[in-house]
Amino acid sequence: LPLLLLVAVLVCLTAADAALPAAPTLDDAQAMRRRPRGRLLERLRRQPSDTAGKETVPLTEIKGAADAPPFTLGPGNYERALTVGGRDRYYQLHVPPQYDAAAPLPVVLNFHGGAGNPMQQRRDTQMDAVADKNGFIVVYGAGTSAFGKFLTWNIYLSETYATKKNVDDIGYVKAVLDDLGGLFKIDEKRVYATGYSMGGILCYRLACELSDRIAAIAPVAATLQNPENTCRSDRPVPIMHFHGMRDDHCLFEGGVGENARDKMDRPSVREGIERFIRINGVPDTPTATGKIGAAEYIRYGAEGGPGTIVLWKIGDGGHTWPGGKSTLPEDRVGPVSRSINASEQMWTFFARHSL
């Protein structure tokens, strides 16, 4: 009897195992990446972080030239598909009510953090409202991953997908700007970049490697990770950096963050600021300091000068966007500062600079 019972259990377990879906293989992943662009976009759009009762933004999908003859689109929210380096990519954008095809508008590139996505970034930064108030276009970039979720950027120091696969994210940004310029009238001398965490690190890459197209950057909760030989900007790039002093993911003092998903030994914020002080050719002695609530700022160089650097140390902020929202719970990323609004502060900074 015990032997018969054992056989019955083994049969049940085998049947249950056969009913389970097979684990995805490398071939499965490649097949997923080869799916038609429309299905890719639909899969990305339905990520869990975009649902579960959270606010969403209706998007008009622009698939090809027939959907968007040059400069015929008006204000609104859009999603655009494109192919870069053989990869299906996409981006979202917000065009403010002030847009008129007769007058070019500035552009702010806004990059999500690691394992994030464009809709999450627009929700957390609340930048659409700032764009509507001040009249600029916001582009929400989308990174890459193996299966369409948990998007990442190529940032040199990372064990995540985009870096390990050496995805050409600089080429992606160039392609997005070229594509955008064929759809809307944009002021190509006033293109700016901001981003959160891994997206902020990408901003530093752009300052190092694409300074001929990016007028200024404003990283949030990030560090400069470019090797010395990859950061030789052709011009001084103005920088406004925001960093929570209670950030235990990307540490202000550098090292491995206690709660970081990507366990890498990162440079300190100070190291990156000092490198760009040298690159931009501004004095290493602060020219101004100040405080708003728990947020302190230090400025190097003249206000509005070509190489100005402003460092915000957010005393009441964690690994979060100051003045914004946080998709992730506070016990994972720390508090959201209410001392300042990073989206508003950076636009005031951006507005003083152009190529």
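Scope of this entry: the structure provided in the associated data block.

Cut-offs used in this document
- Residues numbered from 1 in each chain as written.
- Predicted model: local features only at pLDDT ≥ 70, side-chain atom pairs only at ≥ 80, totals over all residues.
- Heavy atoms only, no water.
- Helix = DSSP H or I, 4+ residues; strand = E, 2+ residues; numbered from the N terminus.
- Contact = heavy atoms within 4.5 Å.
- Areas by Shrake-Rupley, 256 points an atom, 1.4 Å probe, with all protein chains shown as cover.
- Disulfide = S-S within 2.5 Å.
- Buried < 20%, exposed > 50% of the residue type's maximum accessible area, 1.4 Å probe, protein only.
- Salt bridge = Lys/Arg side-chain N within 4 Å of Asp/Glu carboxyl O.
- Axes fitted to C-alpha atoms, helices over the stretch in contact; angles between N-to-C directions.
- Parallel < 35°, antiparallel > 145°, perpendicular 65-115°, else oblique.
- Left-handed = near helix turned anticlockwise from the far one by under 90°.
- Nonpolar A, V, L, I, M, F, W, Y, C, P; charged D, E, K, R; others polar.
- Polar contact = N/O pair within 3.5 Å; in protein donor to acceptor, adjacent residues only side chain to side chain.
- Pairing = 2+ DSSP bridges.
- Arc of directions from axis to C-beta.

1. Overview of the overall build of the chain
Turning to step 1, where the next piece is worked out: A tally of helices and strands in the chain yields 11 helices and 11 strands.
Turning to step 2, where the next piece is worked out: Expressed as a percentage of contacts within the chain between residues at least 6 apart in sequence, the contacts between residues at least 24 apart total 63%.
Turning to step 3, where the next piece is worked out: By element, 54% of the accessible surface of the chain is carried by carbon and sulfur atoms, the whole surface being about 15800 Å².

2. Things to note about the state of the cysteines
Turning to step 1, where the next piece is worked out: Across all of its chains, the model carries one disulfide by this definition.
Turning to step 2, where the next piece is worked out: Cys-208 shares a disulfide with Cys-231; S-S distance 2.0 Å. On the sign convention where negative is left-handed, the bridge of Cys-208 and Cys-231, at about -70 degrees about the S-S bond, is left-handed. Taken as a pair, Cys-208 in helix H8 (residues 198–209) and Cys-231 in the loop between strand E7 (216–220) and strand E8 (239–244) lie far apart in primary sequence, 23 residues in all. With respect to burial, Cys-208 and Cys-231 carry one shared label: buried.

3. Here we look at the pattern of salt bridges
A side chain of one charge can pair with a side chain of the opposite charge if their charged atoms are brought near each other.
Turning to step 1, where the next piece is worked out: Evaluated as defined, the whole model comprises nine salt bridges.
Turning to step 2, where the next piece is worked out: The closest approach of N and O atoms between Arg-80 and Asp-179, which form a salt bridge, is 2.8 Å. Taken together, the residues Arg-80 in strand E2 (residues 76–84) and Asp-179 in helix H7 (residues 169–181) connect sequence positions 99 residues apart. Side by side, Arg-80 and Asp-179 carry an identical accessibility label, which is buried.

4. Topic: the packing of helix H5 (residues 127–134) against helix H11 (residues 342–350)
Turning to step 1, where the next piece is worked out: Relative to each other, H5 and H11 sit at 40 degrees, their axes nearing to 9 Å. As judged from the angle between their axes, H5 and H11 are oblique. The element H5 and its partner H11 pack so that their crossing is right-handed. Across the interface between the two elements, Met-127, Val-130 and Asn-134 from H5 touch Ser-343, Glu-344, Met-346 and Trp-347 from H11.
Turning to step 2, where the next piece is worked out: Residue classes in the contact of H5 with H11 are distributed as four nonpolar, two polar and one charged.

5. What to know about the environment of His-112
Turning to step 1, where the next piece is worked out: Within the secondary structure layout, His-112 lies in the loop between strand E4 (105–111) and helix H4 (118–125).
Turning to step 2, where the next piece is worked out: Here the alpha-carbon distance between His-112 and Asp-124, two residues 12 residues apart in the chain, equals 9.4 Å.
Turning to step 3, where the next piece is worked out: Non-local contacts of His-112, meaning those with residues more than four positions away in its chain, are made with Asn-117, Pro-118, Gln-121, Gly-141, Ala-142, Gly-143, Leu-151, Thr-152, Trp-153, Tyr-196, Met-198 and Gly-199.
Turning to step 4, where the next piece is worked out: From its side chain, His-112 meets the backbone nitrogen of Gly-143 in a polar contact 3.0 Å long.

6. Comments concerning the environment of Gly-113
Turning to step 1, where the next piece is worked out: Among the structural elements, Gly-113 can be located in the loop between E4 and H4.
Turning to step 2, where the next piece is worked out: Residues in contact with Gly-113, not counting those within four places in the same chain, are Gln-121, Leu-151, Tyr-196, Ser-197, Met-198 and Gly-199.

7. Considerations on the sheet that holds strand E9 (residues 288–292)
Turning to step 1, where the next piece is worked out: Spatially, E1-E2-E3-E5-E4-E6-E7-E8-E11-E10-E9 is the arrangement adopted by the 11 strands of the open sheet, whose pairing is mixed. Here the strands that pair on one side only, and so sit at the sheet edges, are strand E1 (60–62) and E9. The sheet shows a mean angle of 20 degrees between the axes of neighbouring strands, direction not considered.
Turning to step 2, where the next piece is worked out: The strands that H5 touches are E2, strand E3 (87–95), E4, strand E5 (137–141) and strand E6 (186–196); relative to E5, the one it contacts most, it runs at about 155 degrees.
Turning to step 3, where the next piece is worked out: Sheet contacts for H8: E4, E6, E7 and E8; angle to E6, the most-contacted strand, approximately 140 degrees.

8. Concerning H11
Turning to step 1, where the next piece is worked out: Within H11, the full set of buried residues consists of Ala-342, Ser-343, Met-346, Trp-347, Phe-349 and Phe-350. What you see down the axis of H11 is that its buried residues fit within an arc of 160 degrees, all on one side.
Turning to step 2, where the next piece is worked out: Between a side-chain oxygen at the N-terminus of H11 and the backbone nitrogen of Ser-343 the separation is 3.0 Å; the capping residue is Asn-341.

Any functional reading would require information that these geometric values do not contain.
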